[in-house]
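The lines below spell out each chain.
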Amino acid sequence: MTRSSDNQPGDNRPGPRSETPVAPPSRRCGEHGRDARATEDSARVPSRQGWRVVIVGTGGQGALTAARLLCDCLVEHGHDVVSGQLHGMAQRGGSVHTSVKVDCGISPVIASGRADCVLGFEPVETARVLPLMSAKTVVYMNTAPVIPFILGQQSALKKGAGQYPDVQDLVDSIRAVTSHVFPFDATRLAQDSGSIKTMNTIMLGCLLGSGLLPRTVEEFWQTVTRVMPPALTEANAEAFSNGVEMGRKFRLDEVVR
Amino acid sequence: MTVGVGREILQNEPGARACLLGNLGIVRGALEAGVQFFSCYPGTPSSEIGDTFARIAKEAGVQFEYSVNEKIAVEVAFGASLAGARSMCAMKHLGLSYANDPISTMPYVGVEGGMVIVSAGDPAVITSPNEQDQRHFSRLLYYPIFDPATPDDAMQMTRYAFGLSETTRLPVILRPTTRVCHSNGMMTFGPLPSARNEIRFTKNPPRYVPIPVNARRMRKELTQRYRQAEELLATSEFFPRTGSGRHGIVASGVAYAYAAQVIENLGLQDEVVLQQVGAYPIPEQVLERFLASVDSVLVVEELTPVVEEWVSLSAFRQHRDIPILGKHSGHLPLEFEYTPDLVEDAIREYLHLDKRERGSVTVPDLPSRPPVLCPGCPHRTSFYLAGKVFGKKTVYCNDIGCYTLGYGDPLNACDVLLCMGSSITQASGIARMTGDRVVAYIGDSTFFHSGLPALANAVQADDNITVIILDNYITAMTGFQPSLTTPPRPARDAGRTESPAAARFSIEDAVRGLGVKDVFSVDQFDEATTLKVFKEAKAATGVSVVICHSPCAVDRRRANRDKKRPAFTIDQDLCNACSLCVRVLGCPGILVEDGQYSIDQELCDGCAVCASVCVQGAIRPAVSVKT
C-alpha cells in the first residue's frame, strides 16, 4: 500500500511505510497562536481586560442559543471568544449555565467574582451564580420563575423539599453583592413582543442595549440576520428592540443615579 | 431562537478562524488529516463527534457508522485501518474500558492507515457512574495519548495524531475531557487534503496474526515503536514552555488553561516557568530541559498523578533533588474536576502569595432541578405497571440509559446499577443466590450493545429472571442517535446516512433465537394487556422476556413536529387532592401549587396514564374530541 503522490503542497504527512520517520505537520496556526498570547505586555496588568458574560436559565429557555449568537457576532468582528457550557443531562427544565469570555485568555470557565455581566433568564438560576459576581458585575434578571415541579409534588407528599424562594429575596441577595441589578419580567415582555420563546432575545437585547459589549446593537442584529432563518429573525425583531430599549433605560437610570 | 450546527466545518478556506465546540474541532482535525472511516458508540461528552460525522459523512466522503458497541467500533475501525484507511472511532471513557480487549492487542499488530481513538473523559462524574484516567493506557498498553487543554488543541492534536500513528504504526488515543469537548474556542482551519490514503488490503499473515510466535516478535517491535513515538513527540509543539524564573508549573488538560490564565491574571510570567504536557509518553528530554531550569515544581493535572509521578521519576533519574508538589503534597485534590479558583489557590500557596480575598458572598438555599423522565415517557408507564405486578419486594436491576431515572421515589425501579448490559447479569447472580424472581430493565440500544450475551448466559443457567426490554426506538439519553430498532425515516438532513438495515432487527426474534421460551410483546400504554403480560412473565419459570414497544416521547415529537398529542387537564370540581397521581408517577407535567393540582399544558404529552391512575376520574383531555 502506498499513499497517492498528488498531495497538496505543504502536506508532509508521513506515509505508512516511510523508511525514515517524517515529523508530522506543524501545529502552529498563525498569529493567533498561544505563544503570541503569552507574550502580550498587557497580560501583566491584573486583568479587567476583556469581557466575561454569564448566561443562565433552565432547559428550553434558549440560553445556549443566546450564547451561540453572541459568539457568532463577536467572532465575526475579530474577537477571540471562549464559551463554556454545562447542561448536565439534557432534560427540559434542568439548569443551564453558559459563559462567553471575550478577548481574555483560553480558560473556558469564569473564576469566582470575575463575571462582568450576568444574563439571568430565571431568578433561582441567577442566584445560583452569585459566587461569580462582584460589586462590578451588571445583572439583568428575568423575575419570572420556572418553579421546579419537584417542589410542588414533594410538598403534596409532605416531604418538605422547601419552597421556591421569594423572588424579591433573591434580588436582594444579589443586590448585597452588586448594586447593578436590573430585575424585570422578561417573560411577560416576551409575550407582549409576540411569543414567550423570544425571552432569550429580550435578554440579549438588554445586553447589547447596555453598551457593555464591544459591539453595537446594529452589528449584533446583522449577525442574527445572517445566521438565522428570515422567519425567525422577523419573529424576534420586536423582542430584540424591546430588549435593547430596556437595556438602554437601565443604563440611563444608573447614570442618573 | 434556536441555531443549528452549520456545515462550515467542511469549508476549505485555510486560515479561516472559527469558534467551535471542542468536539467539532476534533471532527475538523480529522477531516484535515484525510480521515476515511469513522465509527462510534454515543456517550457523553463524546456524542457530538459522531453526530457531526453522521451529518457530513456523505458529503465529506467518509465511511460512517454508529456501531453496536465500543468494542465493535474499535475493531471495525482497526479493520479499516488495516485496509489502508485513516480511521477514527469515538466513545466516552467507559467505552474505552469496554473495548479494552481489542485495544490491548492492536499496538502489537500495528496499524496501516493512521488510527485515532477518541475517548472523552468525565472528571467529576457529571454524566457517568465513575471518573477514570485513560492516560494510564499509555504505559499500560503502549499508546501515544493526547491530552488537549482547549478546543484548538483538540483540533491540532487530532490532525497530528493520524501522521504519528502512521509513522509509528501505533494506534493513538485522544483524551479530551468534558470542559474541552463542550467548550467553544477559537481555532484556525488548515487545508482539507486533496488526496487520501489508497485503499488496499495486502495479505501478510505474520504481520497481522498475533499468535504467540508472531506476538513475541511484535512485542520487541512495540518497544521500539513506542520509543519512536516519544522521539517524535519531543519535536512536536504539544509541550510549549513559557515564562521565566526558578519556579516551575507543569500542567495538562484543561487544568493547563486554568494555570495559564492564573499566571496571566497575576502577572507571574517572570517568576514562573509554565510547561504544558500535551501528550504521553512525556518525552524525557522535555522534562530534562524543564527540570534543569527550575528549583521547585508544582504539578497541576486533574484525576490521578500521572504527570506528577512522571516528573518525579525524571527528576530522580537526573539526580535533581527538588520539591515536586501537587497531589502528594496536598496542594491539589485527587478527585473531580479542577476550577480556576482551585488552581489559583494552589499556585498562591506554592508561591507563598497571600490568599485571594473572595468577599463573603452568601448564596441562599436554592431548590435543585434534578433530571427526571419527560412527560409522556414510556419508561414511566413501564415502571409504574411493572411495579404494580412485581411489587415492592422484588429486586429491580436497572441499566444505562434514560430509564436509570427510574431511581428513587416515586417509581423505585432501580435497586442495582453498574454498567452497560449489567442489569441482566446482575439479576442472574441475585436470582441464583436468593431464589427469588428478579426483574432486569434494559433499553433497546443497550440490549444490542451488551445485553445479548448476558441474556444467553441467563438462559443457559435457566435463571429465574424477567427481562423487561424498554424499546423506544432510539438512543435517547445521549442525544437521539439511531438504535438498531429505529424505523427508517426521512433524512432530517441531506447528508445524513441512514442505515439501510434499519428496522430489520427484531428484538423478539433475537430473544427467541437465544432460547427464551416466554417472550411477550406489548405497547405499555395498553394498560390492561401490559398488566396481563407482566403477570404471565412473573408466573413463568426460568427466563421470561417482555418487550415494551413505544417510541420516545421527545423523539416522536421531533420526528413529527405537528403531531403533539392533545394535553390533559384536571377538573377542579372532581379533584380531591388525594395526591395519588403524584405519588405513583412523578410526572413533571403535573403541577401542585397551594394544594391545588393542575397540568402544564405545554409540557403534557397526552399519554393519558395519569388519567387512568386517577380514581376520581378528574383527569381528562383538555379539548373534548368530537366523536
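Residues numbered from 1 in each chain as written. Chains lettered and ligands numbered in written order. Predicted model: local features only at pLDDT ≥ 70, side-chain atom pairs only at ≥ 80, totals over all residues. Heavy atoms only, no water.

A word on the domain arrangement of chain B
All names here are of chain B.
Next, step 1: Domain boundaries assigned for chain B yield domain 1 (2-234), domain 2 (241-350), domain 3 (378-559) and domain 4 (568-621).
Next, step 2: Contacts between the two partners involve 29 residues from domain 1, matched on the other side by 28 residues from domain 2.
Next, step 3: Of the roughly 2,200 Å² buried between domain 1 and domain 2, counting both surfaces, carbon and sulfur atoms make up 58%.
Next, step 4: Remark: the boundary between domain 1 and domain 2 carries two salt bridges.
Next, step 5: Applying the counting criterion to the domain 1 and domain 2 interface returns 15 residue pairs in polar contact (both at pLDDT 80 or more).
Next, step 6: Within the residue set of the side of domain 1 that touches domain 2, elements represented by two or more residues are α6 (137-141), β6 (145-146), α7 (151-168), α8 (178-181) and α10 (212-234).
Next, step 7: The residue inventory of the side of domain 1 that touches domain 2, partitioned by class, reads 15 nonpolar, five polar and nine charged. (Domains from an automatic or database assignment. Contact = heavy atoms within 4.5 Å. Buried area = accessible area lost by both parts, 1.4 Å probe. Salt bridge = Lys/Arg side-chain N within 4 Å of Asp/Glu carboxyl O. Polar contact = N/O pair within 3.5 Å; in protein donor to acceptor, adjacent residues only side chain to side chain. Helix = DSSP H or I, 4+ residues; strand = E, 2+ residues; numbered from the N terminus. Nonpolar A, V, L, I, M, F, W, Y, C, P; charged D, E, K, R; others polar.)

Considering the sheet that holds strand β15 (residues 396-397) of chain B
Residues and elements named next belong to chain B.
Next, step 1: Pairing within the open sheet is parallel, and its five strands lie in the order β15-β16-β17-β19-β18. Edge positions in the open sheet fall to β15 and β18 (518-522), since each of these has one partner strand only.
Next, step 2: Where β18 lies against strand β19 (residues 544-549), five bridges are found, and the strand directions are parallel. Bridge pairing in β19 links F520 to V546.
Next, step 3: The strands touched by helix α15 (residues 378-390) are β15, β16 (438-443), β17 (465-471) and β19; relative to β17, the strand with the most contacts, the crossing angle is about 160 degrees. (Pairing = 2+ DSSP bridges. Axes fitted to C-alpha atoms, helices over the stretch in contact; angles between N-to-C directions.)

Some words on the confidence of the model for chain B
Residues and elements named next belong to chain B.
Next, step 1: Scored by pLDDT, chain B comes out at a mean of 94, with 95% of its residues at no less than 70.
Next, step 2: Note on residues 1-5: pLDDT is under 50 here. Beyond four places in sequence and across chains, it has 18 contacts.
Next, step 3: Across residues 492-497 the pLDDT falls below 50, and counting only partners more than four positions away or on other chains, this stretch makes 15 contacts in the model. (pLDDT = per-residue confidence, 0-100.)

Digging into the packing of helix α2 (residues 63-76) of chain A against helix α7 (residues 199-209) of chain A
When two helices pack together, their arrangement is given by the angle between their axes and by how far apart the axes lie.
All names here are of chain A.
Next, step 1: Here α2 crosses α7 at 40 degrees, and the two axes come no closer than 9 Å. Classified by the angle their axes make, α2 and α7 are oblique. The way α2 lies across α7 gives a crossing that is right-handed. Residue-level contacts link T65, A66, L69 and L70 of α2 to N200, L204, L207 and L208 of α7.
Next, step 2: Of the residues contributing to the contact of α2 with α7, the split by class is six nonpolar, two polar and no charged. (Parallel < 35°, antiparallel > 145°, perpendicular 65-115°, else oblique. Left-handed = near helix turned anticlockwise from the far one by under 90°.)

Considerations on the pattern of salt bridges
Residue and element names in this part refer to chain B.
Next, step 1: The full count for this structure, using the stated rule, is 35 salt bridges over all chains.
Next, step 2: Note that R159 and E32 form a salt bridge whose closest N and O atoms lie 2.4 Å from each other. In this pair, R159 sits in helix α7 while E32 sits in helix α1 (residues 22-32), placing the two residues 127 residues apart along the sequence.
Next, step 3: Note that R356 is salt-bridged to E344, the shortest N-O span being 3.7 Å. Here E344 lies in helix α14 (residues 340-350) and R356 lies in the loop between α14 and α15, a separation of 12 residues in the sequence. Taken individually, R356 and E344 each receive the classification buried, so the pair is uniform in this respect.
Next, step 4: Residues participating in the shared-partner salt-bridge network are D133, R135, D147, R175 and E301. (Buried < 20%, exposed > 50% of the residue type's maximum accessible area, 1.4 Å probe, protein only.)

Structural notes on the environment of A:G194
All names here are of chain A.
Next, step 1: Residue position: G194 is located in the loop between α6 (186-192) and α7.
Next, step 2: Since its relative accessible area comes to 62%, G194 is described here as exposed.
Next, step 3: For the pair G194 and A239, spaced 45 residues apart in sequence, the C-alpha to C-alpha distance is 7.5 Å.

A short note on the side chain of B:H549
All names here are of chain B.
Next, step 1: By the element assignment, H549 lies in strand β19.
Next, step 2: Looking at H549, its side chain comes within polar contact range of the side chain of D471, at 2.8 Å.
Next, step 3: Sequence-distant contacts of H549, that is, excluding residues within four places in its chain, are made with D471, Y473, E508, S521, V522, D523 and Q524.

As for unusual backbone geometry
Next, step 1: Note the cis peptide between B:T44 and B:P45, where omega equals 10 degrees.
Next, step 2: Within the secondary structure, B:P45 is located in the loop between β2 (37-40) and α2 (47-60).
Next, step 3: Cis geometry marks the peptide bond from B:Y280 to B:P281, where omega comes out at 5 degrees.
Next, step 4: Residues other than glycine seldom take positive phi values, yet A:D103 does so here, at roughly 55 degrees.
Next, step 5: The topology assignment puts A:D103 in the loop between β3 (95-102) and β4 (117-120).
Next, step 6: We note that B:N412 has phi near 50 degrees; this positive angle belongs to a residue other than glycine.
Next, step 7: By the element assignment, B:N412 lies in the loop between β15 and α16 (422-434).
Next, step 8: The exposure class of B:N412 is partly exposed, given its relative accessible area of 38%.

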